[in-house]
Amino acid sequence: MDEIIVSERMPIMALRGLVVFPKQMLHFDVGREKSIKALELAMKTDQRIFLVAQKNIEDDDPTEKQLYSVGVVTKIKQILRVKENLSRILVEGEYRAKLIHLNQTEPCLVGRVEMLPERQVETISARCEALMREAVVRFDEYLELIQKPAQELQLRLIASHEPGFIADTILQHVGFEYGKKAALLGLLAPVSRLEQAVILLRRELEVLRLELEIQEKTKERIDQNQREYFLHEQLRAIRSELGEEDEQDDQNTYRQKVEALHLEEKSEKKLLKDIARLGKQPFGSSEGAVLQNYLDTVLELPWNQTTKERVDIQAARKILDHDHFGLEKVKERILEILAIKQMAPELPGQIICLVGPPGVGKTSIAYSIARCLNRKMARISLGGVHDEAEIRGHRKTYVGAMPGRIMTAMTQAGTKNPLLLLDEVDKMGTDHRGDPASALLEVLDAEQNSTYRDHYVEIPFDLSQCMFITTANTLDTIPRPLLDRMEVIELGSYTDEEKLMIAKDHLLPKQMKKHGLKKSQLKVTDEAIREIITCYTRESGVRNLERHLGSVCRKADKKLVEMETPKKLTVTGGNLEDYLGVRRYLPDALPAVDPVGLVTGLAWTSVGGETLEVEVNVMEGSGKLELTGNLGDVMKESVHAALTYIRSQTQDLGIAPDFYKTKDIHVHFPEGAIPKDGPSAGITVCTAMVSALTERRVRRDVAMTGEISIRGRVLPIGGLKEKTMAALRHGIKTVLIPEANRRDLEEIDQTVRKALNFISVDHVSKVLEVALLPKSEEVKPVSLDPAMVQEANAPVRQPAIQQ
């Protein structure tokens, strides 16, 4: 410039987000009214205008304090009117200037500015040279990264030896923050300004590289998504042509089903997460199939479905009486449970354990209870189950995983308040795969089963509204913690009269209908049914009885088909062998005379009661005691206890005191292939040994049961009801029972009580007095003390049991 202007008055324009540097060209849009007026004023004079950045870009009408103090005096090169209120201008920076004072704010900004001369660099130092070279290289990298060719600009930088020009060029063309640009515009030292510009450029290059890396990854992801979208659209079109459902539709369906269940937040979140995972699986993947099977299984569970329960005692009584004959005490106990549910429906369901021999109707009673309550029923057979996973399920990560039997039964029932029958709970096993009985502890605990977790389902399921009924033949093999959670109801054996009525009212009509027979075609007399009961079956229940009635019906079908002119068939005791063959069991016959060393005992088995004969033989020898008959340890101990008592009473019993040295005694229990154990044969063994040692005869119509102590006390036993039924079948007239078991006579069937004479004993001496005949007495009919018999057969009042 020819003339140096120290200060002058000129129009001023405030820039928003822009900074202009000396010797740099810049074009931008102008839209504010004051800015347009300033341009018009500049064009009327020398086309020069002072451009200064405002501190806050949001201020539409900045004051002097809201402007930076340092700006640039520029020359207007070009103005292009784009719209009525919008112009695009091109300016060139001339020199730095400082705003001294604003003289005018309307209609545009006018003020006095003062030129700021830039410090000159007399010699270029090595450090300055290095900064200029790095600045040029970094700027080239910047232009390459932003993919903006500027060859002319690059040549100007390479040819320049002015650090201030290089710094201003970089600051003008690199997208730094305008606040930092305005601050560096006021830095008059060229080398320092260049150094700061290089620092900012380094930072900007790092940011650009990260942006490009992110953009590249995003582009790859977008390309992959676009490719997958294209392939999915093709797949959708193919499936549409094949008539198959779309995966996205499946996911939406799953999501709608889960949301409709209104589960707990954690459970719903877990299922929605699995649905999202399913959507990310490629077509045909194994994990996708696992997730789909899992979601199908979970959504099939009855989370909210319930059946309306019916608690009507009278209707329940009719259903039980219609379905089952006898079992009065069992029916009464079931009706009590139903009454509790009617009076206190909010209480958790009771867990009932029906215990009894096979074929007495445990499972059918459970079905009747379900009918009484109007509940859905599902049966779970636990016989032979050894694996805990059978109850709790497998983890879904395993191949072929499936839910446990409890969850499967809930799905089958279709409601969350069914009656679940756990059949044969006493026949579960334990091995290296776990203990299924322990897995049932949570299921059968009313305090825990409201949040039951199956390994496969993984989310809690409420079992508290279920009613559980378990069945078992014996309580001995049920673990104590599991038994403690159940209320035990015992079902005893049927008497012959009960079997007769069941066969007439239920079994025979059922079999005749099954085999297409009418009452006008077949008649089975009561005599024939009694013969089937006594001579073809030996059981506590009625399964074999029903099976033999079915055989009779089959034979009848065959005969009716073979007849030219069908007529009514009648099955009697006389022609029964024509239908069932030779009788398998002959009626038990008592010995012809009262024997010596042979006593009839009574035993309990899992299929009911049985008579158990004990034989004792005494021989000259050295005092050996031989026990045979497949005996258990407890029964062997009973024999030794009986022998000890006899040795202590040799004088009263009339036995040689040294018999245990001079006599060999052999105690045998017939049917040696059958294992035998238990203490209830103690008085039977003692009576047989005394009879053999004294040669006194035993009354053949007497049977006995009771444990013996070494002091001769008779201790109580169990299974009295079944044992007395066996005695009646065997033709016994008198039964000796422990005094402590007199209270159990109330549980015995009235038919049995009328047919048998019961004598309660508390000591072996009384047993021997009743069972043994005097040595010199001839064999003759039995005569009993009427007072003793009347006392034993008298009704026993049981004390009330407090729950």
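Residues numbered from 1 in each chain as written. Predicted model: local features only at pLDDT ≥ 70, side-chain atom pairs only at ≥ 80, totals over all residues. Heavy atoms only, no water.

If you tally the helices and strands in the chain, you get 28 helices and 22 strands. In terms of its C-alpha atoms, the chain occupies a principal-axis envelope of roughly 170 × 75 × 45 Å. Among the 803 residues that make up the chain, the fraction classed as buried is 45%. For the chain, the accessible surface area stands at approximately 42600 Å², while carbon and sulfur atoms represent 49% of it. The distance from the centre of the 111 positive side-chain charges to the centre of the 122 negative ones in the chain is 2 Å. (Helix = DSSP H or I, 4+ residues; strand = E, 2+ residues; numbered from the N terminus. Buried < 20%, exposed > 50% of the residue type's maximum accessible area, 1.4 Å probe, protein only. Areas by Shrake-Rupley, 256 points an atom, 1.4 Å probe, with all protein chains shown as cover. Lys, Arg positive; Asp, Glu negative; His and termini not counted. Charge placed at Lys NZ, Arg CZ, Asp CG, Glu CD.)

What follows is about helix α19 (residues 543-562). With 20 residues, α19 ought to run about 28 Å at 1.5 Å a step, and its terminal C-alpha atoms sit 29 Å apart, in line with that. Buried residues along α19 sit in contact with α17 (496-514), β12 (522-524), α18 (526-535), β13 (569-571) and α20 (577-580). (Expected span 1.5 Å × (residues − 1). Contact = heavy atoms within 4.5 Å.)

Another aspect to go through is the packing of aromatic side chains. Remark: the centre distance and the inter-plane angle together describe each pair of aromatic rings, the angle taken between the planes. The full count for this structure, using the stated rule, is four aromatic pairs. Sitting above the plane of the Y294 ring, K396 keeps its charged end 4.5 Å from the centroid. Cation over ring: K559 sits above Y579, and NZ or CZ is 4.2 Å from the ring centre. (Phe/Tyr/Trp six-rings, centres within 6.5 Å; stacked < 30°, edge-to-face > 60°. Lys NZ or Arg CZ within 6 Å of the ring centre and 35° of its normal.)

Close contact between α17 and α18 brings their axes to 10 Å; oriented N to C, the two are set at 125°. Taken together, α17 and α18 sit at an angle that is classed as oblique. For the pair α17 and α18, the crossing hand works out as right-handed. Of the residues in α18, those in contact with D496, E497, K499, L500, A503 and K504 of α17 are D526, I529, R530, I533 and T534. For the contact of α17 with α18, a count of residues per class yields four nonpolar, one polar and six charged. (Axes fitted to C-alpha atoms, helices over the stretch in contact; angles between N-to-C directions. Parallel < 35°, antiparallel > 145°, perpendicular 65-115°, else oblique. Left-handed = near helix turned anticlockwise from the far one by under 90°. Nonpolar A, V, L, I, M, F, W, Y, C, P; charged D, E, K, R; others polar.)

Parts of the prediction with low pLDDT should not have their coordinates interpreted in detail. Of the residues in the chain, 93% have a pLDDT of 70 or more, and the chain-wide mean is 83. A low-confidence stretch, residues 778-803 (pLDDT under 50), is modelled with 37 contacts involving residues beyond four sequence positions or located in other chains. (pLDDT = per-residue confidence, 0-100.)

Quick look at unusual backbone geometry now. Going from E106 to P107, the amide bond is cis rather than trans, its omega being -10°. Counting through the fold element by element, P107 comes out in the loop between β5 (86-104) and β6 (109-115). Even without being a glycine, K23 presents a positive backbone phi close to 65°. For K23, the position within the fold is in the loop between β1 (7-15) and β2 (25-30). The residue H262 is not glycine, and still its phi comes out positive at about 55°. Summarising the element assignment, H262 is placed in the loop between α7 (247-261) and α8 (265-280). Classification of H262 by relative accessible area gives exposed; the value is 67%.

Once that is clear, we can look at the sheet that holds strand β8 (residues 377-381). Spatially, five strands are ordered β8-β9-β10-β7-β11 in an open sheet, and the strand pairing comes out parallel. The outermost strands of the open sheet, each flanked by one partner alone, are β8 and β11 (487-490). Averaged over all pairs of adjacent strands, the angle between their axes in this sheet comes to 20°, without regard to strand direction. (Pairing = 2+ DSSP bridges.)

Pairing of β1 with β6, which is carried by six bridges, proceeds in the antiparallel orientation. Bridge pairing in β6 places S7 opposite E114. Both β5 and β6 contribute to a ladder of six bridges, which runs antiparallel. Within the sheet, the bridge partner assigned to A97 lies in β6 and is M115. Taking the residues between adjacent antiparallel strands as the criterion, β5 and β6 are bridged by four residues.

Mapped onto the fold, H324 is located in the loop between α10 (313-323) and α11 (328-343). H324 gets classed as buried once you look at its relative accessible area, which sits at 7%. A polar contact of 2.8 Å, which involves the side chain of H324, links it to the side chain of S364. Residues contacting H324, with those up to four places away along its chain left out, are K331, G361, S364, I365, S368 and H506. (Polar contact = N/O pair within 3.5 Å; in protein donor to acceptor, adjacent residues only side chain to side chain.)

Before going further, it helps to spend a moment on the side chain of S691. Note on placement: S691 falls in helix α24 (residues 682-694). Residue S691 is classed as buried on the basis of its relative accessible area, which comes to 0%. In contact with S691, other than residues within four places in its own chain, are P595, V596, G597, R696, R697, V698 and L772.

Looking now at the environment of I489. Mapping I489 onto the fold places it in strand β11. In this structure I489 comes out as buried when scored by relative accessible area, which is 6%. Taking the C-alpha atoms as reference, I489 lies 7.1 Å from I352; in sequence the two are 137 residues apart.

With that out of the way, let us pick up the pairing of β8. Residues A378 and I380 line the buried face of β8, whereas the alternating positions M377, R379 and S381 sit on a face that is not buried. Where β8 meets strand β9 (residues 419-423), five bridges bridge the pair, whose relative direction is parallel. Paired with I380 across the bridge in β9 is L422.

Moving on, we come to the packing of helix α21 (residues 633-648) against α24. Relative orientation of the contacting elements α21 and α24 amounts to 50°, with a least axis distance of 9 Å. Judged by the angle between their axes, α21 and α24 are oblique. Where α21 crosses over α24, the two elements pack in a sense that is right-handed. Of the residues in α24, those touching α21 at S638, V639, A642, L643, Y645 and I646 are G682, V685, C686, M689, V690 and L693. The residue makeup of the contact of α21 with α24, split by class, is 10 nonpolar, two polar and no charged.

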